[in-house]
Structures are given as C-alpha cells and as structure tokens.
Amino acid sequence: MGKMMLLLTVFIIFGALFVERLVVFRQKLFADRVVPLKRLPNCELIPGIDNGAEDIDILPNGLAFFSSGLKYPGLKTFEPHKGGHILLMNLMSESPRPVELKIEGGFDIDTFNPHGISLYTERNDSIYLFVVNHPEGNSAVEIFQFFEEERYLLYLRTVTNELLSSVNDILAVGPEHFYATNDRYFRSETVSVYVEMFWGLSWTNVVYYSPKKVKEVASGFYSANGINMSPDGKFIYVADILDHSIRVFQKMSNMNLSPVKVLKLETILDNISVDRTTGDLWLGCHPNAAKLLSYDPKNPPGSEVLQVKDILSDKPQINQVYVDDGTIIQASSVAIMFNKHLIIGTVFQKALYCHL
Ligand SMILES: [Ca+2]
Ligand SMILES: [Ca+2]
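Residues numbered from 1 in each chain as written. Chains lettered and ligands numbered in written order. Predicted model: local features only at pLDDT ≥ 70, side-chain atom pairs only at ≥ 80, totals over all residues.

Re the overall build of the chain
Link 1 in the chain: A count of helical and extended segments in the chain gives three helices and 25 strands.
Link 2 in the chain: Rg of the C-alpha trace for the chain: 20 Å, near the compact-globule value of 21 Å for 356 residues, within the 12% margin.
Link 3 in the chain: Projected onto its principal axes, the C-alpha coordinates of the chain cover approximately 80 × 50 × 50 Å.
Link 4 in the chain: For the chain, buried positions account for 41% of its 356 residues.
Link 5 in the chain: Sequence-distant contacts in the chain: of pairs separated by 6 or more residues, those separated by 24 or more amount to 52%. (Helix = DSSP H or I, 4+ residues; strand = E, 2+ residues; numbered from the N terminus. Rg over C-alpha atoms; globule rule 2.2 N^0.38 Å. Buried ≥ 20, exposed ≤ 12 C-beta atoms within 10 Å, placed from the backbone. Contact = placed C-beta atoms within 7 Å.)

Shown next as structure tokens:
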C-alpha cells in the first residue's frame, strides 16, 4: 500500500509538472495573442528573392547584403536542392534589384548554407562580410572581404570552435573578431525541442571570438538569436527568441558583456537591426512560431516588425510597424531601415521593400 501511494504521488507530481511545462511551452511558442493586420501602403516584393533572406546588413552607401537559401532543421525550405548564396542590392539605384555575389578564393559553394550576417569596415576602408554557415548541419563562421568596384566576395577564412556549436547570428567587431549567439544547447533537433525547449532550459549563450581568445561572455538564454550593437559601440543587444525579450549589455574593454537591462516584448523576436543615425532597434518577429515549425501553405506563418526607440531609457517606446498574416510575406526574421526605406527579410520566403 505504501509503495502504491508513493508511486501515485510521484505520478501526480510528474503529471502536474508536465502539464505546467506544456502550458509554458505553448506560451513561449505561440505567444498566445491575436495580432491584427497592419500593412504599409508603399511596399513591393523584391523580385528574385523566393528562397529567404534570413538576415540583411547594409553599408552606409546603400549596398544591402542578403543571406538567402537557409536550410535549418525543422524549418521550411522551398528549394531544398538549391544552394545558399549572398545577394547584393544597391538601394541608391532607381529600381533596385538583387544580384548574386560571386565568391572567389576557393570557397565551397556547394555546401553553403548562410544564416546570420554582419558587416565590418576597417579604418583603411576594407570591408568584411561575416556569415554564419551550416555546411552539412554544422556551425562555422565564414569571413569574406568585399570588393566594391568589382562586386565580389573574396573568401578569407573559416572559423570553427567547440564554443561555436549552434550559431544563429554574429556581430563583427574586428577583421577577425566577433560575437556569436548559440541558439541551442543540444545539437540534435529532437533533443533540442523535447528536452531543451519543452523543459525550458536556458542553456544557450553568447561567445566572443578573436584569434587569440574565445570565451563565453553571456549565458542563461532560452535561445539566443539576433545580436547587434548601438551606433556608439558601447551597448550590445541580444534577442532571446523564446523568452520574448531583448537583453542589453555594456561592452567592456576586455570584450566581456555586463548586463544592463532586459526589455520584455509580447512577440517572438528574431534578428535585430540598429538604425545608425537614430539608434532605434528594428526587429523581425514571428507572430506565431508554431506555424513556423509546422508549415501549412493554407495557414502560413505571418510576419511582424517592431521598432524600439530609446531602449536605454526608463520608458522605451515600442511601435508595431507592420503585421501580415502570411498573405504577402511569411516568417519575417529581419527588418532593417535605410533612409526612409524599410526592408523586411524572411527565413525561407520573400523579402519586402517599403517606402515610409
Ligand atoms: Ca545579423
Ligand atoms: Ca536569426
């Protein structure tokens, strides 16, 4: 009898724990809310982008770089046999069109699976493009030099490290120096979803890499995703996609990150862009991540863009700029401003160009 009671008690406790986790898991994934549509009047789909533009970065002269063709475990891809590439679009031209950038220098283009990107310009004006790559499901950071006149990328080097285990996005801070976010702790998708996500383990982190030193600089994220920096270079912003929050850090002289604050949002945010002149944050968000994970063309994942003003103040202003139910654009992962133009990129679908 005693044994039976004990078993029953354990069963009840475990059952209650399981149900509690199920509720939290649902909240994290669905963000459980109704999001009314909010479209912008002057937008056009960018021709030639049908296979995603997961991340976008723009040079001050208006040259925009897109990472396209991501294949990520558990997420949709429309062209599973087509390799990934980097697209370039000149926002200063009359009617901008993206072109695929040629990559010189013996880079393995066949296994190219680009994810987060980041531009870095040196004092001597050399321009570097850092790209998170998942060749055959692994994680690497590729460093390219961009030659503007001739319009091509020169492959310089591949960075791999055991601390760079599941990289989502990067922030370049030197010619071979960067911060990287890891979005999962476990490599296996199944273990990651059923153990890490379901049981709410906050085991992912931010890593700083330089040729001399590699170190974890922030931890305790449910799933660290987008990363970017304030225009003055003093603050680093990291999106925790499952915590629905942005964590703000101060960048120390030894490149460690010192926590400043956490900004809670209602939606599931992906990549973070920072407006160079205003310092505003622009966020590509997923209004409902469950639709993202189980893709149904009849009920596709939507898109959402948020703007955050004065993030360091006591009262940051959060503006919902754009919401679509997937009719126009699905699975927005990035939103970036250039002059009065807003570009919205997606994990696996199209990209939208809006004139505000
Ligand atoms: Ca990025
Ligand atoms: Ca991302």
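Observations regarding the UniProt feature "glycosylation site" (unreviewed entry) in the chain
Link 1 in the chain: In this structure's numbering, the residues bearing the UniProt feature "glycosylation site" (unreviewed entry) are Asn271.
Link 2 in the chain: When you line up the elements, Asn271 lands in strand S19 (residues 268-274).
Link 3 in the chain: On the basis of neighbour counts, which here come to 30 C-beta atoms within 10 Å, the residue Asn271 falls in the buried class.
Link 4 in the chain: The contacts of Asn271, once residues within four sequence positions are left out, are Asp55, Gly116, Asp169, Asn225, Gly226, Gly284, Ser333 and Val334. (UniProt positions renumbered as here; feature names shortened; annotations may be inferred.)

A few points about unusual backbone geometry
Link 1 in the chain: For Asp125, which is not glycine, the phi dihedral falls at a positive 75°.
Link 2 in the chain: Look at Met255: it is not a glycine, yet its phi comes out positive at around 75°.
Link 3 in the chain: Topologically, Met255 is positioned in the loop between strand S17 (245-251) and strand S18 (257-264).
Link 4 in the chain: Residue classification places Met255 among the partly exposed positions, given that 17 C-beta atoms sit within 10 Å.

Considerations on the sheet that holds strand S22 (residues 317-324)
The strands making up a sheet associate through backbone hydrogen bonding, with each pair oriented either parallel or antiparallel.
Link 1 in the chain: Across the sheet, which stays open at both edges, the four strands sit in the order S19-S20-S21-S22 with antiparallel pairing between neighbours. What marks the edges here is a single partner per strand, and that holds for S19 and S22. With direction set aside, neighbouring strand axes in the sheet form an average angle of 25°.
Link 2 in the chain: Note: strand S20 (residues 281-286) against strand S21 (residues 303-309), five bridges, orientation antiparallel. Bridging across to S21, Cys285 finds its partner in Glu304. (Pairing = 2+ DSSP bridges. Axes fitted to C-alpha atoms, helices over the stretch in contact; angles between N-to-C directions.)

Thoughts on the environment of Phe144
Link 1 in the chain: Positionally, Phe144 belongs in strand S9 (residues 140-147).
Link 2 in the chain: Its 24 C-beta neighbours within 10 Å are what place Phe144 among the buried residues.
Link 3 in the chain: Separated by 50 residues in the primary sequence, Phe144 and Glu94 place their C-alpha atoms 28 Å from one another.

Focus: the sheet that holds strand S8 (residues 127-133)
Link 1 in the chain: Taken together, the five strands give an open sheet; going across it, the order is S6-S10-S9-S8-S7, and neighbouring strands pair in mixed fashion. Each of the sheet's edge strands pairs with one partner strand only, and the pair in question is strand S6 (102-104) and strand S7 (114-121). Put simply, the sheet's adjacent strands are angled 35° from each other on average, direction ignored.
Link 2 in the chain: With seven bridges joining them, S8 and S9 adopt antiparallel strand pairing. Bridging from a neighbouring strand, Leu129 pairs with Phe144 of S9.

Some words on the UniProt feature "active site" (unreviewed entry) in the chain
Link 1 in the chain: Mapped onto this structure's residue numbering, the UniProt feature "active site" (unreviewed entry) falls at His115.
Link 2 in the chain: Inspection of the secondary structure assignment puts His115 in strand S7.
Link 3 in the chain: By C-beta crowding, His115 is classed as buried, having 25 other C-beta atoms within 10 Å.
Link 4 in the chain: Ignoring sequence-local partners within four residues, the contact set of His115 consists of Glu54, Asp55, Ser67, Leu70, Val132, His134 and Asn168.

Regarding helix H2 (residues 189-197)
Link 1 in the chain: Every buried residue of H2 is listed here: Ser192, Glu196 and Met197. Along the axis of H2, the buried positions cluster into a sector of 75°, meaning they face one direction only. (Arc of directions from axis to C-beta.)

Re the pairing of S8
Link 1 in the chain: Among the seven residues that make up S8, six are buried, leaving the element largely enclosed by the rest of the structure.
Link 2 in the chain: As defined by bridge partners, S7 adjoins S8 across six bridges and the pair is classed as antiparallel. Within the sheet, the bridge partner assigned to Pro114 lies in S8 and is Asn133.
Link 3 in the chain: Remark: five residues form the turn of the hairpin made by S7 and S8, two consecutive strands paired antiparallel; Asp125 in that turn has positive phi of roughly 75°.
Link 4 in the chain: Between S8 and S9, which pair antiparallel in sequence order, lie six residues; one of them, Glu136, sits at a positive phi of approximately 50°.

A word on the nonpolar core
Link 1 in the chain: In terms of nonpolar packing, the biggest core is built from 78 residues, with Phe130, Val141, Ile170, Phe178, Tyr179 and Leu283 touching the most fellow members.
Link 2 in the chain: In terms of nonpolar packing, the next biggest core, distinct from the first, is built from five residues, Leu70, Leu292, Ala331 and Phe348 among them. (Core = buried A, V, L, I, M, F, W, Y, C linked by C-beta atoms within 7 Å.)

Focus on the environment of Pro231
Link 1 in the chain: Summarising the element assignment, Pro231 is placed in the loop between strand S15 (224-229) and strand S16 (235-240).
Link 2 in the chain: Judged by local crowding, Pro231 falls into the partly exposed class, with 13 C-beta atoms found within 10 Å.
Link 3 in the chain: Considered as a pair, Pro231 and Thr278 are 47 residues apart in the sequence and their alpha carbons are 8.4 Å apart.

Considerations on the environment of Leu269
Link 1 in the chain: Locating Leu269 in the fold gives a position in strand S19.
Link 2 in the chain: Separated by 75 residues in sequence, Leu269 and Ile344 place their C-alpha atoms 13 Å apart.
Link 3 in the chain: Beyond its immediate stretch of four places on either side in the chain, Leu269 contacts Gly226, Ala239, Ile241, His244, Ile246, Leu283 and Cys285.

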